[in-house]
Number of protein chains: 4
Amino acid sequence: MEVLHMFGSKEQKRKWLEPLLRGEIRSCFCMTEPDVASSDATNMECTLHRDEDNYVINGKKWWSSGAGNPQCKVAIVMGRSSSQDVSSRHDQHSMILVPMDTSDDAIHGGHFEVHFENVRVPTSNIILGEGRGFEIAQGRLGPGRLHHCMRAVGLSELALELLCHRAATRHTFGKKLYQHEVVAHWIAECRLMIEQTRLLTLHAAHALDTAGSRAARKQIAMIKVAAARMACKVVDCAIQVYGGAGVSGDFPLAQMYAYVRTLRIADGPDEVHLSSIAHLELRDQLRKAQAKL
Amino acid sequence: MEVLHMFGSKEQKRKWLEPLLRGEIRSCFCMTEPDVASSDATNMECTLHRDEDNYVINGKKWWSSGAGNPQCKVAIVMGRSSSQDVSSRHDQHSMILVPMDTSDDAIHGGHFEVHFENVRVPTSNIILGEGRGFEIAQGRLGPGRLHHCMRAVGLSELALELLCHRAATRHTFGKKLYQHEVVAHWIAECRLMIEQTRLLTLHAAHALDTAGSRAARKQIAMIKVAAARMACKVVDCAIQVYGGAGVSGDFPLAQMYAYVRTLRIADGPDEVHLSSIAHLELRDQLRKAQAKL
Amino acid sequence: MEVLHMFGSKEQKRKWLEPLLRGEIRSCFCMTEPDVASSDATNMECTLHRDEDNYVINGKKWWSSGAGNPQCKVAIVMGRSSSQDVSSRHDQHSMILVPMDTSDDAIHGGHFEVHFENVRVPTSNIILGEGRGFEIAQGRLGPGRLHHCMRAVGLSELALELLCHRAATRHTFGKKLYQHEVVAHWIAECRLMIEQTRLLTLHAAHALDTAGSRAARKQIAMIKVAAARMACKVVDCAIQVYGGAGVSGDFPLAQMYAYVRTLRIADGPDEVHLSSIAHLELRDQLRKAQAKL
Amino acid sequence: MEVLHMFGSKEQKRKWLEPLLRGEIRSCFCMTEPDVASSDATNMECTLHRDEDNYVINGKKWWSSGAGNPQCKVAIVMGRSSSQDVSSRHDQHSMILVPMDTSDDAIHGGHFEVHFENVRVPTSNIILGEGRGFEIAQGRLGPGRLHHCMRAVGLSELALELLCHRAATRHTFGKKLYQHEVVAHWIAECRLMIEQTRLLTLHAAHALDTAGSRAARKQIAMIKVAAARMACKVVDCAIQVYGGAGVSGDFPLAQMYAYVRTLRIADGPDEVHLSSIAHLELRDQLRKAQAKL
C-alpha cells in the first residue's frame, strides 16, 4: 500500500489503493527470488520486456508473503527492464502491478513461490516509470522495516511477560524459577534489550517522519539489526524458562522462535545493513574530521 | 536399552531386552512431566503405589520420544514410590516397566503425552528395586547425554558442509559469499567450535569408558552444555548464509534449527548442568588447595 | 557535593558546600572497604561510636577517589552506627563529614586507601541524622551513576573516532582496514551500541529529573549496566584495529581499556544492578497482571 | 632460538645458539613495525641493502620483547631485501642476525622500540639465505604461537583458582559469592572454556609434532584464536568476582588483564588467523566434495 500511496498514478490509486484501503482486497510484494542471493538486488533475474502496449514478465519469486490469500488481487513485481542500459546498476529495475488472476501460483513447501511465465500486463501498470524500481524500493523499505521492528518490540514484550509469569509460578530446587539468580538476570537483560530497542525504534521513526527516508537510512539500518537480534534473544530466554513447554505447541514461543529468526533475513540480512551503517558512519566521521580543520 | 542392559533382572532382559536387540520391538522412556519443572527430578508427581503383587501407576508424562511408534511395546516409567520415606529426596523414586498396550496414549500437539490412570503392572516389573530410580537415572543419563552430543557434532558437520557449499556458489555485491570476510570468519568460528566440541566429546567418552559414569560427571555435564550451544550456533550461521532458503523447507536447516534448540533443554537444561560443573569444580579446587598444605 | 546540596544542614552547606562550589576545596567519598564485599553495603565494617558530643570513627576505606588531591579538605564517610538497632539492615548506617586534616592517609598501591583510627568529629557533622546513610546513598548514587554513564558515552565516541581514523589510514592485504568487512562491521556495531546507550542515558536522565531518584531506579540500573558494557566493547574494538599501537602508550586506548573495566565494578557491580532490574521488572509485571484482572 | 636451531648455519649456531642454550646470553626478535600494519608482513618497511660483504639495515621495529634485557646480545631482524624481485610478495623478505651492541636502542613508552640506522652486519649473518624470511617465519611462528597458548592455559588455571578462592571466602547478601548462581555459572563456563582450549592445544601440539608446521597450520591458527579469547574471558570473570581488588595492584589479575589482551594481537591478530582457518576449511571441504564424486 505504501508504494501505491507514495508512487502510484491517479488511475493506479483508484483501481488498487482504494479497494485496499477499504479492506476489500489484499496485495503482495514480489521481490525475493529463489535462484539468486536477493540481498543484493542487482542479482535479480526476473525480467520485464516491453512489447508494444504491454510488458511481458518472466521470472520466479518466493517469500511473497500473502500471495496465497484468496483476497490477494494484485502483486507488485520487481524486475529488470530489458530496455534499460545495464551499465548503471541502479537504473535497470522497475516495479509493475500484476493482477493476481493473471499469474500462475503454486504452493510449494509451505510458503508461496510465484512463477511468472510470459505474463502480460498493460504498460500503464508500471509504477513511477521504467528503471525507477530502486528509487521506489528505497522509499518503501524504510517504513516497512520499521513496521517489522515495532512488531518485534511488541512480540518481545509478550515473550517477556510469558517468561515472568512462568518464572513466578514454577519451582525447582526449592525455590521459584525467578529466585534463581541466572533466571532473574535473564529477565533484567531482556528488559534492558527491549528498552534500548524501543528507544532506538522511536528515534528512527522520528527521524523518518521529520527528515525523510533518505536521511534516516542509518537509523533504520541500525534498528533493523537491533530489533531482530533482540527479539531472537528474548524469545530464546523465554523458551529456556519454559523448558519442554517452550518448544511445544502449547505456548506461542516455539512459533515466535521460528518467526523472529526470519527477521534477521527478511528485508535484507543483518550483514547488508551493518555494511550500510559502517559506510554511513565513516562518511559522518570524515565530515566531522573535515569540519575540525 | 541401556537401563535394561545395566540394571534389568534376568527375566526382564529375556522378555524385553532381547526382542529390543533383535529390533522386533521399541521402547520409550517416560520421565518428563508437563505440570512441574522436571529439570528438578524431585518435583516429579507420577506415583507408584504398591497393591499386593501389583504397582498402580498414576501420572502424566510428556516428551516421551518414540511412544507413538507402533513397534513401541514397553515404557520405562519413573515415578515416586508412595511407600518410600519422603524425608530423603533421592531415595523415593523408582523405575518400572509398563507394557505399552496397558497404557492410555493420546496424541496431543504433535508430541507424545502419556497419561497413566490406575495402570497396574506386576511388582516383578520394577527395575533394580523400589527407591532406586535416581541411581538408575544417573547410570543411564550419562551415556544417553553423550549420544546426543555425538549426534550434535555430526549434525553440525553437515550444517557446516552445507554452509561452505552455499558460500562457494552464490554471489552478492560482486563476489562469492565466502569472499565476504564476515562469512569467511563464520566458517572459521564454526570449524573452531566443532573441533573444540569434538575433542571434549571424545574426552568425556574416554572418561566414561575408563572411569565410569560417576567419575565422568563433570566431563559429561561440560559436553552436554558445549555441544548443544555449538550446534545452535553452527546451524544459525548456516541459515544466515542461506538467507530465505535457510528458513524454507527446501533445505534441512530450518528443521535442524528447531531440533538443536531442544538440546539445550532435553536431558536437563544447560543451567542445571552449569550448576553441577560449578559444584564439582569448587570441590576439585578445594581438594587442590588442601593438597598444597 | 550532591549529598550536601540535597541533605546537608544550613551550617554544613555554609562550611563545605559553598567553598566546594567556589572551587576552593575538593571532597571525597569513603564508602568501599577493602576487607568485605562492598557491593552489599550491609557488609560495611567501619563504625561510628557516639561519645558525648563527638563521633569516633574506626575503619578502613579504599577506592576513595580524589582523596589524595591536596585540595581535598573533606571526606563523606559512611559507617555503621553502634547505637542503632542491628535488626533492621537498612537503618544502621550513617554518613558523616570528616575534615581531611583529621584523617590518617596512606598511599598504597597506586590508589587511595584511607584508614580511620579513633577519628573524632563533632556530632554536628552527621548528615541528615544517624541511621539515614542508606537513604542518602540512594539519593546520591542515582545521579552519580548517570554521570559515569555520560562520561562512558563520550569516551566511546572518542574511541570510535580514533578507530575510524585508523581504519581509514592503514592498509593490510591490499586494502584499507575499513574495507575489510569485519572491521566495517565493528564500526557499525560500535555505532549501534553507542546510539542505544545514548538514548537510554537520556531516557534515564529524563526520568531522574522528572520522576525522581526512587522512581528512576530501574532506568538508572539499566543504563549503569549498559553503558559500562558498551564502553568496554567499543574500546576493545578500537584496540584491535590499532593492533600493537592499541596496547602501547602512544594512544589513549590502553588507558581507556583499564578505566572502562572499572565501570563494571564501580558504583556497584553489574550483577547487583541486574538483580535490581529483575526485581523491579517482576514487580511491574505483577502489577500489570493484576490490572488486567 | 628455534630459528637458529632450525635454520642457522653451523657457524651461526656455534656463535649464538650455543651461548643461548647455556643461558649466557638472550636474543630478541624484531619483526613488528610501528608505521605499518604488521599483521600483513608484506607491509614491512625495514630494508636490507647488500653492500659488498655487508648488509646495511635501515628501519624501525617495536614490540621487540626482551630487547632491553642487558643480556640480550643478538637480534633476529626481518626486513625486505632490496635486491629481490618485488613482483613476488613472498620472496622478498630476509632474516638477519644483528649483534645488539651494533644497534641503537631507545626506551620509548614503556616498551622497546628499536631503530636501525645504516646498521652494517656481515653477509654471513643472513639466515638461510636472502628472500627466505617468510619461509623461516612460517617455521618459527607455529611453535612460538603454541607456546603462547600453553602459557595462556596455565595463566587461566591460576585465574580460575584465584576466582574460586575468592568466591569461597567472601559474602554478599547473606551468602558466599559462589552460592550466587551467576558466579557459580561463571566458574562452570571458565572450566568449560579452559578444558576445550587445553584439549585443542594438545591436539595442535600433536599435529605439529607429528605432521609438521605446514600441515598443522589450521590447528595452530585455531588454538591461537581460542586460547587468547578464553584467557581474556577467564581473567575478566575473575576480576568481576574480586571487585575493586580485581582492578587493584593487590592481586595479579589487573596485570593479567592487560597481558592477555595483547595475545589477541601478538603473533598476528585473531582476524588474520580466522581468515586463514576459513581458507583452509574451504579447501578441505572442496577436497571432501570432490572425493565424493
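Just above sits the structure.
Owing to the predicted nature of the structure, the values given are computational and were not obtained by experimental measurement.

Participant: Please clarify how the overall build of chain A should be interpreted in this entry.
Facilitator: A tally of helices and strands in chain A yields seven helices and nine strands. Viewed in the frame of its principal axes, chain A has a C-alpha envelope of about 80 × 60 × 35 Å. In chain A, which comprises 293 residues, the proportion classed as buried is 55%. Put simply, chain A shows about 12600 Å² of open surface, and 53% of that area lies on carbon and sulfur atoms.

Participant: Even after reading the chapter, I still don't get the interface of chain B and chain D, so can you show me in this structure?
Facilitator: A common way to state how big an interface is: give the accessible area lost once the parts meet. With 33 residues of chain B in contact, the opposing surface of chain D contributes 33 residues. Carbon and sulfur atoms supply 67% of the area that chain B and chain D bury against each other, a total of about 3100 Å² over both sides. In this structure, the connection of chain B to chain D is made through eight salt bridges. Between B:Glu189 and D:Arg229 there is a salt bridge; the shortest N-O distance is 2.7 Å. Linking chain B with chain D are twelve residue pairs in polar contact (both at pLDDT 80 or more), by the criterion used here.

Participant: Mind showing me how you'd approach unusual backbone geometry here?
Facilitator: The bulk of non-glycine residues show a negative phi, and the bulk of peptide bonds are trans. A positive phi angle, near 50°, is found at A:Asn118, a position not held by glycine. Locating A:Asn118 in the fold gives a position in strand S7 (residues 111-122). You will see that C:Asp267, though not glycine, has its phi angle at about 55°, which is positive. Structurally, C:Asp267 can be placed in the loop between helix H6 (253-263) and helix H7 (270-292). C:Asp267 sits in the partly exposed class, given a relative accessible area of 21%.

Participant: Looking at this model, I keep getting lost on the relation of the copies chain B and chain D. Mind explaining?
Facilitator: Relating the two copies of this chain is a rotation about some axis coupled with a shift parallel to it. For the match of chain B to chain D, the screw axis carries a shift of 0.0 Å, the RMSD comes to 0.0 Å, and the turn is 180°. In symmetry terms, the pair is related by a two-fold rotation axis. Using C-alpha coordinates, one finds that chain B approaches the rotation axis most closely at B:Gln196, a distance of 2.7 Å. A shared binding surface is used by both copies, with 100% of the interface residues of chain B retained as interface residues in chain D.

Participant: I'm lost on the interface of chain D and chain C in this one. Help?
Facilitator: Facing the 38 residues of chain D at the interface are 38 residues of chain C. Both faces combined, the contact of chain D with chain C buries some 3100 Å², and carbon together with sulfur accounts for 56% of it. Area buried by chain D at its contact with chain C is led by D:Phe173, D:Gln240 and D:Arg261, which between them contribute 20% of it. Between chain D and chain C we count four salt bridges in total. Note that D:Arg261 is salt-bridged to C:Asp236, the shortest N-O span being 2.8 Å. For the side of chain D that touches chain C, the secondary-structure elements that each account for two or more residues are strand S8 (171-172), helix H4 (181-211), helix H5 (217-242), helix H6 (253-263) and helix H7 (270-292) of chain D. Residue composition of the side of chain D that touches chain C, by class: 15 nonpolar, 13 polar and ten charged.

Participant: Even after reading the chapter, I still don't get the environment of C:Cys164, so can you show me in this structure?
Facilitator: Turning to its location among the elements, C:Cys164 is positioned in helix H3 (residues 133-169). Along the primary structure C:Cys164 and C:Asp51 are separated by 113 residues, whereas in three dimensions their C-alpha atoms are 61 Å apart. Among residues more than four places away in sequence, those in contact with C:Cys164 are A:Glu281, A:Leu282, A:Gln285 and C:Ile187.

Participant: Explanation requested: the nonpolar core in the structure shown.
Facilitator: Taken as a class, soluble globular proteins show a tendency for nonpolar side chains to be buried jointly. A:Leu163, B:Leu163, C:Leu163 and D:Leu163 are the most contacted members of the largest nonpolar core, which totals 232 residues. In this structure, C:Leu163 is in contact with C:Ile187, C:Cys190, C:Cys237, C:Ala238, C:Val241 and C:Tyr242, ignoring residues within four places of it in sequence.

Participant: Help me out: how do you make sense of the relation of the copies chain D and chain C in this one?
Facilitator: For the pair chain D and chain C, the best superposition has an RMSD of 0.1 Å and corresponds to a rotation of 180° with a translation of 0.0 Å parallel to the axis. Counting the interface residues of chain D, we find that 97% of their copies in chain C are interface residues as well, pointing to one common contact surface.

Participant: Please explain the packing of helix H3 (residues 133-169) of chain B against helix H4 (residues 181-211) of chain B as it appears in this structure.
Facilitator: Helix packing geometry: the angle between the two helix axes and the distance between the axes. All names here are of chain B. In the contact formed by H3 and H4, the axes pass within 10 Å of each other and the chain directions differ by 160°. With respect to H4, the element H3 is oriented roughly antiparallel. Like other packed secondary-structure pairs, H3 and H4 cross with a definite hand, here left-handed. Of the residues in H4, those touching H3 at Gly 142, Pro 143, Leu 146, Cys 149, Met 150, Val 153, Ser 156, Glu 157, Leu 160, Leu 163, Cys 164 and Ala 167 are Val 183, Ile 187, Cys 190, Arg 191, Ile 194, Glu 195, Thr 197, Arg 198, Thr 201, Ala 204, Ala 205 and Leu 208. Here the contact of H3 with H4 is composed, by residue class, of 16 nonpolar, four polar and four charged.

Participant: It is not clear to me how the pattern of salt bridges should be interpreted in this structure. Could you clarify?
Facilitator: Side chains that carry opposite charge are capable of pairing whenever their charged atoms lie near each other. In total, this model carries 84 salt bridges over all chains according to the counting rule given. For the salt bridge of A:Lys60 with A:Asp35, the shortest nitrogen-to-oxygen distance reads 3.5 Å. Taken together, the positions of A:Lys60 in strand S3 (residues 54-62) and A:Asp35 in the loop between strand S1 (26-30) and strand S2 (47-51) put the pair 25 residues apart, joining distant regions of the chain. On the basis of relative accessibility, which here comes to 46%, the residue A:Asp35 falls in the partly exposed class. One salt bridge in this structure joins B:Asp270 and B:Lys224, with 3.7 Å as the shortest N-O distance.

Calculation rules
Residues numbered from 1 in each chain as written. Chains lettered and ligands numbered in written order. Predicted model: local features only at pLDDT ≥ 70, side-chain atom pairs only at ≥ 80, totals over all residues. Heavy atoms only, no water. Helix = DSSP H or I, 4+ residues; strand = E, 2+ residues; numbered from the N terminus. Buried < 20%, exposed > 50% of the residue type's maximum accessible area, 1.4 Å probe, protein only. Areas by Shrake-Rupley, 256 points an atom, 1.4 Å probe, with all protein chains shown as cover. Contact = heavy atoms within 4.5 Å. Buried area = accessible area lost by both parts, 1.4 Å probe. Salt bridge = Lys/Arg side-chain N within 4 Å of Asp/Glu carboxyl O. Polar contact = N/O pair within 3.5 Å; in protein donor to acceptor, adjacent residues only side chain to side chain. Least-squares fit on C-alpha atoms with pLDDT ≥ 70 in both. Nonpolar A, V, L, I, M, F, W, Y, C, P; charged D, E, K, R; others polar. Core = buried A, V, L, I, M, F, W, Y, C linked by side-chain atoms within 4.5 Å. Axes fitted to C-alpha atoms, helices over the stretch in contact; angles between N-to-C directions. Parallel < 35°, antiparallel > 145°, perpendicular 65-115°, else oblique. Left-handed = near helix turned anticlockwise from the far one by under 90°.

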